[in-house]
Amino acid sequence: MDELKLLIDMHKDANRQGPGSDAETEKAISMAGLDRNTPLNIADIGCGTGASTLTLARLLNAKITAVDFLQDFIDVLSARARDEGVEDKINPLCASMEQLPFENETFDVIWSEGAIYNLGFEKGIADWKRYLKPGGLLVVSEITWLTSSRPLALQDYWDNEYPETDTASAKIALLEDSGYTPIGYFALPEHCWLDHYYDPMRKSFDAFLSRNGDSAEAQAIVEAERHEMALYEKYKAYFSYGVYIARKTDAQNS
Ligand code: SAM
């Protein structure tokens, strides 16, 4: 089985595919000042199996286009939306975030948890801005350094995994330079990594390995995840996901 199929198999039964929690999604909704009654058109990009999409659907009077390039994840999201009775609020879309089939100025809000790194933060915020209505809101989470310096081993790991890893002040400056007005930031607390992401994943390892015949490829995936978890445990004072909330700057639209 190729690596992508194994990764899908590892993650598709999970509530979420990256750190976060319903409470932090709700906190971002509040910081963004989203009114719960106003009709909103939202895109949730890199939605995975829909953790944030379902929270947005539960809490807002919104139509949410939930985008992921993996049909398996979209199928799980659609089933969960039906189970929760919110399928009318969700438009599931299998598409790449690199080529989104949207008209300019379509959305009131673009939401993306733990996914913009696939495009790169700088490119993502620049590319997606055109899909926001004037004054529309961007809410994205992104790996962020919590301190101005950090141990070399950690720096090396993230330089290799994602060279755009940077401090919140650097990310906020990028938002300003790209035509957004930053209006909020917070770092995801530890429970978002452990209780809502790593612990459920760790519990799924045995079944994953046995489903996949304990193959060397499956073992390598488990090992890589264990390595990432150990790194988080050791260095969690230095990095987390940051959640960035910014408004498309009206001045740039004229
Ligand atoms: N937002 C979800 C969450 O927090 O649970 C998923 C986060 S997961 C770390 C990143 C997601 O981005 C995955 O679901 C993956 O399939 C999706 N993804 C990766 N590259 C993509 C691309 N080029 N276009 C659309 N989705 C992509």
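Given the structure is predicted, the values throughout are model-derived calculations rather than measurements. (Residues numbered from 1 in each chain as written. Predicted model: local features only at pLDDT ≥ 70, side-chain atom pairs only at ≥ 80, totals over all residues. Heavy atoms only, no water.)

If you had to explain the packing of aromatic side chains to someone new, which residues and values would you point to?
What the rule picks out here adds up to 15 aromatic pairs. Taken together, a centroid distance of 5.1 Å and an interplanar angle of 40 degrees make the contact between Tyr-185 and Tyr-244 tilted. Of the two residues, Tyr-185 sits in strand S7 (residues 180-187) while Tyr-244 sits in strand S8 (residues 239-248), which places them 59 residues apart along the sequence. Residue classification places Tyr-185 among the partly exposed residues on the basis of a relative accessible area of 27%. Overall, the relative accessible area of 1% leaves Tyr-244 in the buried class. Seen from their ring centres, Tyr-232 and Phe-239 are 5.8 Å apart, and the 90 degrees between their planes marks the pair as edge-to-face. Across the pair, Phe-239 and Tyr-232 agree in class, each one buried. What links up through ring pairs into an aromatic cluster is the set Tyr-157, Trp-158, Trp-193, Tyr-197, Tyr-198, Tyr-232, Phe-239 and Tyr-241. In this arrangement the basic side chain of Lys-27 is found over the ring face of Phe-186, its NZ or CZ atom lying 4.4 Å from the centre. (Phe/Tyr/Trp six-rings, centres within 6.5 Å; stacked < 30°, edge-to-face > 60°. Helix = DSSP H or I, 4+ residues; strand = E, 2+ residues; numbered from the N terminus. Buried < 20%, exposed > 50% of the residue type's maximum accessible area, 1.4 Å probe, protein only. Lys NZ or Arg CZ within 6 Å of the ring centre and 35° of its normal.)

Go over the packing of helix H3 (residues 51-59) against helix H4 (residues 71-84) with me, naming the residues and quoting the values.
Packing of H3 against H4 leaves a shortest axis separation of 10 Å and a crossing angle of 30 degrees. With respect to H4, the axis of H3 lies roughly parallel. H4 is crossed by H3, and the crossing has right-handed handedness. Taken together, the residues of H4 that come into contact with H3 (itself represented by Ala-51, Thr-53, Leu-54 and Arg-58) are Leu-77, Arg-80, Ala-81 and Glu-84. (Axes fitted to C-alpha atoms, helices over the stretch in contact; angles between N-to-C directions. Parallel < 35°, antiparallel > 145°, perpendicular 65-115°, else oblique. Left-handed = near helix turned anticlockwise from the far one by under 90°. Contact = heavy atoms within 4.5 Å.)

Provide a residue-level description of the site of the ligand, including the pertinent values.
Taken together, 19 residues surround the ligand, and among them Gln-17, Gly-46, Asp-68, Met-97 and Glu-113 come closest. At a separation of 2.8 Å, a nitrogen atom of the ligand approaches a polar backbone atom of Met-97. At a separation of 2.8 Å, a nitrogen atom of the ligand approaches a polar backbone atom of Glu-113. Notes on the ligand: free accessible area 590 Å², of which the protein chains cover 92%. Counted by class, the shell around the ligand contains 8 nonpolar, 7 polar and 4 charged residues. (Near = heavy atom within 4 Å. Polar contact = N/O pair within 3.5 Å; in protein donor to acceptor, adjacent residues only side chain to side chain. Areas by Shrake-Rupley, 256 points an atom, 1.4 Å probe, with all protein chains shown as cover. Nonpolar A, V, L, I, M, F, W, Y, C, P; charged D, E, K, R; others polar.)

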